[in-house]
Amino acid sequence: DQQVKQNSPSLSVQEGRISILNCDYTNSMFDYFLWYKKYPAEGPTFLISISSIKDKNEDGRFTVFLNKSAKHLSLHIVPSQPGDSAVYFCAAKNSGTYKYIFGTGTRLKVLA
Amino acid sequence: DARVTQTPRHKVTEMGQEVTMRCQPILGHNTVFWYRQTMMQGLELLAYFRNRAPLDDSGMPKDRFSAEMPDATLATLKIQPSEPRDSAVYFCASGNIPVTEAFFGQGTRLTVV
């Protein structure tokens with residue numbers, strides 16, 4: 001049972017435009033959410049996170065939005081750059097535990 | 001520059017052989033994770049340790065997989081016997097959860113033929 005779902009396996013965006021990556025979850029006990037970026041032949045690297053008590057967190061070109069009622073979060077990248085081309089994973093942590101549950105990833109391709 | 005180190009980076013083995021993957025977490029991190037990356041499941045959590053104690057290994061096939069943390073500088077993931085369906089990239093990660101995020105190693109690409 002996939003508790004964290006990324007329903008779009010891939011996304012292509014023109015350079016300079018906005019990229020929106022989506023993530024849905026089923027467990028209402030999740031209290032912390034993260035986005036990781038992964039390049040080929042490398043491990044995932046942390047990008048941005050958000051606590052369940054917030055609905056938005058921004059870091060430079062990256063903004064994460066959390067809609068708890070819809071159990072949905074999204075990552076906005078604006079403007080998108082070719083170097084942003086990678087696989088993006090969302091992850092969630094259950095309150096009272098220390099483990100991160102990851103989604104299946106979305107491959108973003110930013111076209112120059 | 002602190003990083004999570006995994007060895008080997010690549011491993012090709014025959015079905016039925018034992019495979020051991022090693023991980024050196026970042027010094028001072030209290031939580032160590034083992035994940036497996038597959039196309040269908042994304043990053044699957046296999047097991048994790050908190051202050052070297054195993055907290056959850058429900059993601060592992062218990063009959064063939066085992067995870068241990070003999071000391072604070074070493075975590076191991078063992079498969080015995082290995083099967084072709086175990087072919088995947090295995091990642092180790094460590095962090096000071098919940099204070100910091102998890103930092104990933106570069107992974108071990110396992111191929112079982």
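The model shown is predicted, which means the values in this text are computed figures rather than measured ones.

Engineer: Give a description of the overall build of chain B that names residues and reports values.
Structural biologist: When helices and strands are tallied, chain B shows zero helices and 11 strands. Whereas a compact globule of 113 residues would reach a radius of gyration of roughly 13 Å, chain B reaches 13 Å, a difference of no more than 12%. Taken along the three principal axes of its C-alpha coordinates, chain B extends 40 × 30 × 30 Å. Here chain B holds 113 residues, and 46% of them are scored as buried. Long-range pairs, those at least 24 residues apart, make up 53% of the contacts in chain B with a sequence separation of at least 6. Total accessible area on chain B stands at roughly 5600 Å², and carbon and sulfur atoms take up 50% of it. Averaging the locations of the 12 positively and 12 negatively charged side chains of chain B gives two centres separated by 3 Å.

Engineer: Which residues make up the state of the cysteines, and what are the values?
Structural biologist: The tally for this structure, following the rule as stated, stands at two disulfides over all chains. Each sulfur of the disulfide joining Cys 23 of chain A and Cys 90 of chain A lies 1.9 Å from the other. Here Cys 23 of chain A and Cys 90 of chain A share a disulfide; its torsion about the S-S bond, 60°, makes the bridge right-handed. In this pair, Cys 23 of chain A sits in strand E3 (residues 19-25) while Cys 90 of chain A sits in strand E9 (residues 86-94), placing the two residues 67 residues apart along the sequence. Across a sulfur-sulfur distance of 1.9 Å, Cys 23 of chain B and Cys 92 of chain B are joined as a disulfide pair. Of note, the bridge from Cys 23 of chain B to Cys 92 of chain B carries an S-S torsion of about -60° and is left-handed in sense. Remark: Cys 92 of chain B occurs in strand E9 (residues 88-95) and Cys 23 of chain B occurs in strand E3 (residues 19-24); sequence separation between them is 69 residues. Neither Cys 23 of chain B nor Cys 92 of chain B differs from the other in exposure class; each is buried.

Engineer: Explain the nonpolar core to me, using residue names and the numbers behind them.
Structural biologist: Residues and elements named next belong to chain A. Judged by nonpolar contacts, the single largest core of 24 residues is most densely connected at Phe 33, Trp 35, Leu 73, Leu 75 and Tyr 88. The dominant element in this core, judged by the number of residues it contributes, is E9, at four residues. With residues near it in sequence (within four places) discarded, Leu 75 still touches Ser 19, Ile 20, Leu 21, Trp 35, Leu 47, Ile 48, Phe 62, Thr 63 and Tyr 88.

Engineer: Quick rundown of the packing of aromatic side chains? Include the residues and the values.
Structural biologist: Tallied over the full model, the rule gives 14 aromatic pairs over all chains. Aromatic side chains Tyr 25 of chain A and Phe 30 of chain A sit 5.9 Å apart centroid to centroid with 55° between the ring planes, which places their arrangement in the tilted category. Given a relative accessible area of 8%, Tyr 25 of chain A falls into the buried group. Judged by relative accessible area, Phe 30 of chain A falls into the buried class, the value being 5%. With a centroid separation of 5.8 Å and an interplanar angle of 15°, the aromatic rings of Tyr 100 of chain A and Phe 33 of chain B are classed as stacked. Separated into two different chains, Tyr 100 of chain A in strand E10 (residues 100-102) and Phe 33 of chain B in strand E4 (residues 31-38) make up a pair that spans both. By the burial criterion, Tyr 100 of chain A is buried, and Phe 33 of chain B matches it. Through pairs of rings, three or more aromatic residues link up here, namely Tyr 36, Phe 46, Phe 89, Tyr 100 and Phe 102 of chain A together with Phe 33, Tyr 35, Tyr 48, Phe 91 and Phe 104 of chain B. One Lys or Arg, Arg 50 of chain B, reaches over the ring of Tyr 98 of chain A and ends 3.6 Å from the middle of that ring.

Engineer: Which residues make up a nonpolar patch on the surface, and what values do they have?
Structural biologist: A surface patch of nonpolar side chains, amounting to about 230 Å² of accessible area, comprises Ile 18, Ile 20 and Val 78 of chain A. For Ile 20 of chain A, a relative accessible area of 37% gives the class partly exposed.

Engineer: Go over the layout of surface pockets, please, and point to the residues and values.
Structural biologist: By volume, the largest pocket is sized at about 640 Å³. Lining the largest pocket are 32 residues; nearest its centre among them are Lys 38, Val 87 and Arg 107 of chain A together with Gln 37 and Met 39 of chain B. Mapped by element, the contributors of at least two residues to the lining of the largest pocket are E9 and strand E11 (106-111) of chain A together with E4, E9 and strand E11 (108-112) of chain B. Here the lining of the largest pocket gets four residues from one element, more than from any other, and that element is E11 of chain B. Classifying every residue of the lining of the largest pocket by side-chain character gives 13 nonpolar, 14 polar and five charged.

Calculation rules
- Note on numbering: residues in each chain are counted from 1, in written sequence order.
- The naming scheme follows written order: chains are lettered A onward, ligands numbered 1 onward.
- For a predicted model such as this one, the threshold for reporting local features is a pLDDT of at least 70, and the threshold for listing and counting side-chain atom pairs is 80 or more; totals across whole chains, interfaces and linings nevertheless cover every residue.
- Side-chain calculation: all heavy atoms of the structure are included, whereas hydrogens and water are not.
- What counts as a helix is a DSSP run of H or I of at least four residues, what counts as a strand is a run of E of at least two, and both are numbered from the N terminus.
- Our radius of gyration looks at C-alpha atoms and nothing else; its globule reference is 2.2 Å times the residue count to the power 0.38.
- Accessible area is worked out with a 1.4 Å probe on protein chains only. A residue is then buried under 20% of its type maximum, exposed over 50%, and partly exposed in between.
- Pairs of residues are marked as contacts when any of their non-hydrogen atoms sit within 4.5 Å.
- Shrake-Rupley sampling with a 1.4 Å probe provides the accessible areas, and residues are treated as covered by the protein chains on show and by no other component.
- When charges are tallied, Lys and Arg are placed among the positive residues and Asp and Glu among the negative ones, while His and the ends of the chain are skipped.
- For this purpose, a charge sits on NZ of Lys, CZ of Arg, CG of Asp or CD of Glu.
- When two cysteine sulfur atoms are found within 2.5 Å, that pair is recorded as a disulfide.
- Among the buried residues, those of types Ala, Val, Leu, Ile, Met, Phe, Trp, Tyr and Cys that are joined through side-chain atoms within 4.5 Å form a nonpolar core.
- Ring pairs shown here join Phe, Tyr and Trp side chains whose ring centres sit within 6.5 Å, with only the six-membered ring taken for Trp; geometry is labelled stacked below 30 degrees between planes, edge-to-face above 60, and tilted in between.
- Each ring is checked for a lysine NZ or an arginine CZ that lies within 6 Å of its centre and within 35 degrees of its normal; such an atom marks a charge sitting over the ring.
- For patches, a residue must show more than 30% relative accessible area and have no salt bridge; joins then use 9 Å for like charges and 5 Å for nonpolar side chains, namely Val, Leu, Ile, Met, Phe, Trp and Tyr.
- Salt-bridge detection follows one rule: a side-chain nitrogen of Lys or Arg within 4 Å of a carboxyl oxygen of Asp or Glu.
- Only protein atoms enter the calculation, which uses a 1 Å grid: trapped sets of points that fit a 1.4 Å probe without letting it out are cavities, open sets showing protein on both sides within 12 Å along at least five of seven lines are pockets, and any residue with an atom within 4 Å of a point is a lining residue.
- Grid points are joined across faces, edges and corners, and a volume is the space filled by probe spheres set on the points.
- Put simply, Ala, Val, Leu, Ile, Met, Phe, Trp, Tyr, Cys and Pro go in the nonpolar bin, Asp, Glu, Lys and Arg in the charged bin, and everything else, Gly too, in the polar bin.

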